[in-house]
Structure formats: structure tokens, C-alpha cells
Amino acid sequence: MERQIRYLLLLGSYDPKTRNLMNYLKDELLKRLVSQKILVWILDELEVYRFNGRLAFAEFWDENKATIYIEEAGDIAEVYEITLKHTPYDEVIYQFLKEQLKIEKFERLSIFEKLKTLFSFSLVNVVIRDREETRGGELIELAYALMEGYADKTWFFAKRCIEISTMVESIIIKAGSHMMAYRDENDLLEKMLELIFARERR
């Protein structure tokens, strides 16, 4: 039976501290959302491929493992877990899909195509600012989500001690998006759970 694609997309800076926070959130959310069958994906663990008019979402969650979700008409039609025996990973995915699904055309989406596709299917997008000193990539991802029309399901969470610029606040307000401060990782986790359950009730 096909299952609707339902996932929370985590975005943020990939410095070690923020990445550890996202890994913690992913693990804890998956434990608590298992009955709801909601996935939690971190952006830099994902690639999206187009083949024969369909999409494949590849989650590279381990150095040697990946899960491939095959989309069809907005649903998950098939799920495969594979072992990554060599790189480049694109070639591994292509060879696997060619063997399993007899694919012909195959391409990896560009970064902005990937973002737009992931934003469009997600249940909610969460952008995290846990440190002051980042390269600002998470703000670009936030701006792109808002620019592409996904303001309503995109939330910007910033640690309470971090000062957010007036420009960022104005962009979020004008786009009709959402911003919330958090104290620590447990506070952030609880607020994200509350957000997910609220989205589910819609």
C-alpha cells in the first residue's frame, strides 16, 4: 500500500555543535513520532533524483548505508535500504535503480531544485540557528523557502541568547512565516513536537 510522504525537514549550520544538535533532535523525534510514521530528515544527508518522471529521495544516514524512498504521485511507493560499497554515491543509486526498476533517464537535482522539491513535500521545515558565528547558510535556506512560497510551514528557531537582525525579522514577518526562541535542546525538542502535532491536526 502506498504511504503519503510525511517528514520534517531539518536545516541549519553544519558546524559540529549545530550538527550534533540536529542529530540529537532527529533521534529523539523519530522515537516519539514512530506511531505517527513521520520521518525526520536532515538536509545534508539527502539527495533527490529524477528518473522516468518519478522521484527518488536518498537518505545517506550512515557512511555505508542509505535508504531510498521512491515517490509516485506524492506517495511513497517503495522503500529500499542499500549498502554503499563504493563512491560516487550517484553511481551506486543509479545502478541500484537500474537493476530494480529498469530505469532509463536519471539525474540528480541541483541544490535549488532539491530544496524546492523537499520544501514542497514536507510536513514542516525547521531552520535552526544555535550559534552566532556561522557562515549564514541556514539564512539562505530560510530565505529560499520563503521566496518559493513555503512560509506557512517553515519555522525559524533561534537560541534565546542569539540576536537576530532586524532584516531577518522583517523578512519573516512580511512573508507570513514563523520565528520562535528556545532555551536549550530539550526546550527546542518539546516545541518542535508541539509544532508537528499542531500541523498534523490541520
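Residues numbered from 1 in each chain as written. Predicted model: local features only at pLDDT ≥ 70, side-chain atom pairs only at ≥ 80, totals over all residues. Heavy atoms only, no water.

## Quick word on the overall build of the protein chain
Scanning the protein chain from N- to C-terminus turns up six helices and eleven strands. In summary, the protein chain has a C-alpha radius of gyration of 17 Å against a globular reference of 17 Å for 202 residues, a match within 12%. By its C-alpha atoms, the protein chain is 50 × 35 × 30 Å across when sized along the principal axes. Looking at the protein chain as a whole, 48% of its 202 residues qualify as buried. In the protein chain, once contacts between residues fewer than 6 apart in sequence are set aside, the share between residues at least 24 apart is 62%. About 10700 Å² of surface is accessible on the protein chain, with carbon and sulfur atoms providing 50% of the total. Taking the 30 positively charged and 36 negatively charged side chains of the protein chain as two groups, their mean positions are separated by 2 Å. (Helix = DSSP H or I, 4+ residues; strand = E, 2+ residues; numbered from the N terminus. Rg over C-alpha atoms; globule rule 2.2 N^0.38 Å. Buried < 20%, exposed > 50% of the residue type's maximum accessible area, 1.4 Å probe, protein only. Contact = heavy atoms within 4.5 Å. Areas by Shrake-Rupley, 256 points an atom, 1.4 Å probe, with all protein chains shown as cover. Lys, Arg positive; Asp, Glu negative; His and termini not counted. Charge placed at Lys NZ, Arg CZ, Asp CG, Glu CD.)

## Focus: helix α6 (residues 185–201)
Here α6 contains 17 residues, and its C-alpha end-to-end distance of 25 Å stays within 8% of the 24 Å for a straight helix at 1.5 Å per residue. Buried residues in α6 make contact with β2 (7–12), α1 (16–32), β9 (124–129), β10 (154–159) and β11 (178–182). (Expected span 1.5 Å × (residues − 1).)

## A short note on the sheet that holds β11
Taking strand neighbours across the sheet as the criterion, the five strands line up as β3-β2-β9-β10-β11 in an open arrangement whose pairing is parallel. The open sheet has two edge strands with one neighbour each: β3 (39–42) and β11. If you compare each strand with its neighbour and ignore which way they point, the axes differ by 25° on average. Contacting β2, β3 and β9, helix α3 (residues 111–121) runs over the sheet at an angle of about 140° to β2. (Pairing = 2+ DSSP bridges. Axes fitted to C-alpha atoms, helices over the stretch in contact; angles between N-to-C directions.)

## As for the environment of V40
Counting through the fold element by element, V40 comes out in strand β3. Once residues within four sequence positions are removed from consideration, V40 is found in contact with L8, L10, K26, L29, L30, L33 and E59.

## A few points about the side chain of E59
Following the sequence through the fold, E59 ends up in strand β5 (residues 54–62). Separated by 2.8 Å, the side chains of E59 and K26 make a polar contact. Residues in contact with E59, not counting those within four places in the same chain, are K26, V40, W41, E45, L46, K65, A66, T67 and Y69. (Polar contact = N/O pair within 3.5 Å; in protein donor to acceptor, adjacent residues only side chain to side chain.)

## Some remarks on the pattern of salt bridges
Throughout the structure, instances matching the rule amount to 20 salt bridges. Residue R131 pairs with D15 through a salt bridge whose shortest N-O separation is 3.6 Å. With a gap of 116 residues between them, R131 in the loop between β9 and α4 (137–147) and D15 in the loop between β2 and α1 connect regions that are remote in the sequence. E45 serves as the salt-bridge partner of K26, at 2.8 Å between the closest nitrogen and oxygen. On the criterion of sequence distance, the pair formed by K26 in helix α1 and E45 in the loop between β3 and β4 (46–51) is long-range, its members being 19 residues apart. A residue is classified by how much of its surface remains accessible, and K26, at 8% relative accessible area, is buried. (Salt bridge = Lys/Arg side-chain N within 4 Å of Asp/Glu carboxyl O.)

## Regarding the packing of aromatic side chains
If you walk through the whole model with that rule in mind, you get eleven aromatic pairs. Plain terms: the ring middles of Y80 and F96 are 5.1 Å apart, the flat faces sit at 75° to each other, and that makes the pair edge-to-face. Taken together, the residues Y80 in strand β7 (residues 75–83) and F96 in helix α2 (residues 89–101) connect sequence positions 16 residues apart. Each residue in the set Y7, W41, F57, Y69 and F121 is aromatic and connected to the rest through ring pairs, giving one cluster. (Phe/Tyr/Trp six-rings, centres within 6.5 Å; stacked < 30°, edge-to-face > 60°.)

## Some remarks on the pairing of β2
With six of six residues buried, β2 is to be regarded as a mostly interior element. Burial of β2 is two-sided: the residues Y7, L9 and L11 facing one way and the residues L8, L10 and G12 facing the other way are all buried. As defined by bridge partners, β2 adjoins β9 across five bridges and the pair is classed as parallel. The partner of L9 across the bridge, within β9, is N125.

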